[in-house]
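# Inside the fold
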Protein chains: 2
Amino acid sequence: MIIAKQFISREADALIAQSAPAYQAYEEVMCSIKNNVSPGKDIFILNDSQKNCNGVVPVKEECYRILEEDYHWYREKPLTYFHEDVQKGGPIDVYKAFSFRDTVFMAGLEFETGNISSAHRSMNKLRVGIIKGELDIAFLMMPIKRMSFYLTDRVSNYEELEPYFVLLDDVPFVIFGFDADEYNSDAPLLAKGKDGMSPRTIRRWQSR
Amino acid sequence: MIIAKQFISREADALIAQSAPAYQAYEEVMCSIKNNVSPGKDIFILNDSQKNCNGVVPVKEECYRILEEDYHWYREKPLTYFHEDVQKGGPIDVYKAFSFRDTVFMAGLEFETGNISSAHRSMNKLRVGIIKGELDIAFLMMPIKRMSFYLTDRVSNYEELEPYFVLLDDVPFVIFGFDADEYNSDAPLLAKGKDGMSPRTIRRWQSR
């Protein structure tokens, strides 16, 4: 896929310029988008035969697989704040702790597959992680509007959330708006729900 | 109803202590909760005969009616940022501009009737209003968990959103968690949806 749009907060911009692990985290997340290609192809081709004809979960799962297998990120990292302090709220989708010069740099990521209000919750969860000192940088990935038209109904898109990016300028936060490399009405459809997902063992934080 | 729980951000606390219109806005919103009583009673009695047996909309509409008729707030105020600049996003539910010593003090309010992710969106919309200089203080009203059990299924409650209040400390923001004065299995049920709402003309900002 391609990164069609991106938001880098002021804080994230400074951090990526100065910190090696921040730069590495940013690069790895970008690669999980760019290396997400159609099976047997070197680009990502999306079936555009009709509105909402593809599932979004296979797109997410392939980005997550790349992060886990190629870059050793973990899935489902509970934050101490949500898990122990307030005992509410789910884990961060994908997480990596970079060891660097006796320090640990913590990066969290969510790929948004819900509707627009769910995207607000994901954004807020990551921002809480930063404010509570449990994440040093956060990433959110969403399709751009053009691509979301052919994905699961009501999946949120980059442009919809964009008016709210002003809420993120005081934290290191990056939002990627990805798009297919090509559209073709003959391309295989992406399965909806969990149908057609090949079984694989995910790298859970808890079992590391 | 009673105000069972409340969050007042540091910024809101200072503002309410120093600014007459901020104090007045806070008082008026509190009154819209406290003066929300069952028809013909002087307290609010909620039917607790079974889970999700009451609609939440009549509770909201009565708070809004009090704000409009007793305190001259307006409904559906579009923010310039959302309405004109980015041309996305709905209006603020209830709004009042207080004229005070040649200045105007702007207060915005939402009564959350959606699920938890929708509550995140409401919170973010109000926070954007403050950051963009279109609101001087923001209020959010939600039932506490005990009360929400007897309201529309999946309506969000104060305790659910509470872990995210840390996101609000840098802006003047107040969140009220209201509760019924009494529970009784013989009390009249509150209608779901728009059924049983008595027709009335709302005070829209656009037609002021």
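### Re the pattern of salt bridges
Residue and element names in this part refer to chain B. By the definition in use, this model includes 22 salt bridges over all chains. Here D179 ties to R146 by a salt bridge, and the two come within 2.6 Å at their closest N and O atoms. A residue pair is termed long-range when its members are at least 10 positions apart, and D179 in strand 7 (residues 173-179) and R146 in helix 6 (residues 145-148) qualify at 33 residues.

### A word on the interface of chain B and chain A
Taken together, the contacts link 23 residues of chain B with 23 residues of chain A. Summing the contributions of chain B and of chain A, the shared interface buries around 2000 Å²; its carbon and sulfur component is 63%. At the boundary of chain B and chain A, one finds zero salt bridges. Put simply, chain B and chain A have six residue pairs in polar contact (both at pLDDT 80 or more) between them. By residue number, the principal contributor to the side of chain B that touches chain A is helix 5 (residues 116-131) of chain B, which donates 11 residues. Taken together, the residues of the side of chain B that touches chain A sort by class into 11 nonpolar, four polar and eight charged.

### Observations concerning the side chain of S122 of chain A
All names here are of chain A. Examined against the element boundaries, S122 turns out to sit in helix 5 (residues 116-131). Polar side-chain contacts of S122 include one of 2.5 Å to the side chain of E112. Non-local contacts of S122, meaning those with residues more than four positions away in its chain, are made with E110, E112 and L140.

### Some remarks on the pairing of strand 6 (residues 137-143) of chain B
Residue and element names in this part refer to chain B. Along strand 6, seven of the seven residues are buried, which leaves the element largely enclosed by surrounding structure. Neither face of strand 6 is open: one carries I137, F139, M141 and P143, the other A138, L140 and M142, and all of them are buried. Alignment of strand 5 (residues 103-111) against strand 6, held across five bridges, turns out to be parallel. By the bridge assignment, E110 is partnered in strand 6 with L140. Where the polypeptide runs from strand 5 across helix 5 and back to strand 6, its parallel neighbour, the crossover connection is right-handed. Examined bridge by bridge, strand 6 and strand 7 share six bridges and lie parallel to one another.

### Remarks on the sheet that holds strand 7 (residues 173-179) of chain A
Residue and element names in this part refer to chain A. With mixed pairing, the six strands of this open sheet are ordered in space as 1-7-6-5-4-3. Each edge of the open sheet carries a strand with a single partner, namely strand 1 (2-8) and strand 3 (74-77). Taken over all neighbouring pairs, the strand axes of this sheet differ in orientation by 30° on average, direction set aside. Along the sheet, helix 3 (residues 57-71) contacts strand 3, strand 4 (92-100), strand 5 (103-111), strand 6 (137-143) and strand 7; its crossing angle with strand 5, the most-contacted strand, is approximately 160°. Across the sheet, helix 5 is in contact with strand 4, strand 5, strand 6 and strand 7; its angle to strand 6 comes to roughly 165°.

Thresholds, definitions, all that
- Residues numbered from 1 in each chain as written.
- Chains lettered and ligands numbered in written order.
- Predicted model: local features only at pLDDT ≥ 70, side-chain atom pairs only at ≥ 80, totals over all residues.
- Heavy atoms only, no water.
- Salt bridge = Lys/Arg side-chain N within 4 Å of Asp/Glu carboxyl O.
- Helix = DSSP H or I, 4+ residues; strand = E, 2+ residues; numbered from the N terminus.
- Contact = heavy atoms within 4.5 Å.
- Buried area = accessible area lost by both parts, 1.4 Å probe.
- Polar contact = N/O pair within 3.5 Å; in protein donor to acceptor, adjacent residues only side chain to side chain.
- Nonpolar A, V, L, I, M, F, W, Y, C, P; charged D, E, K, R; others polar.
- Buried < 20%, exposed > 50% of the residue type's maximum accessible area, 1.4 Å probe, protein only.
- Pairing = 2+ DSSP bridges.
- Right-handed = clockwise from strand over helix to strand, strands pointing away.
- Axes fitted to C-alpha atoms, helices over the stretch in contact; angles between N-to-C directions.

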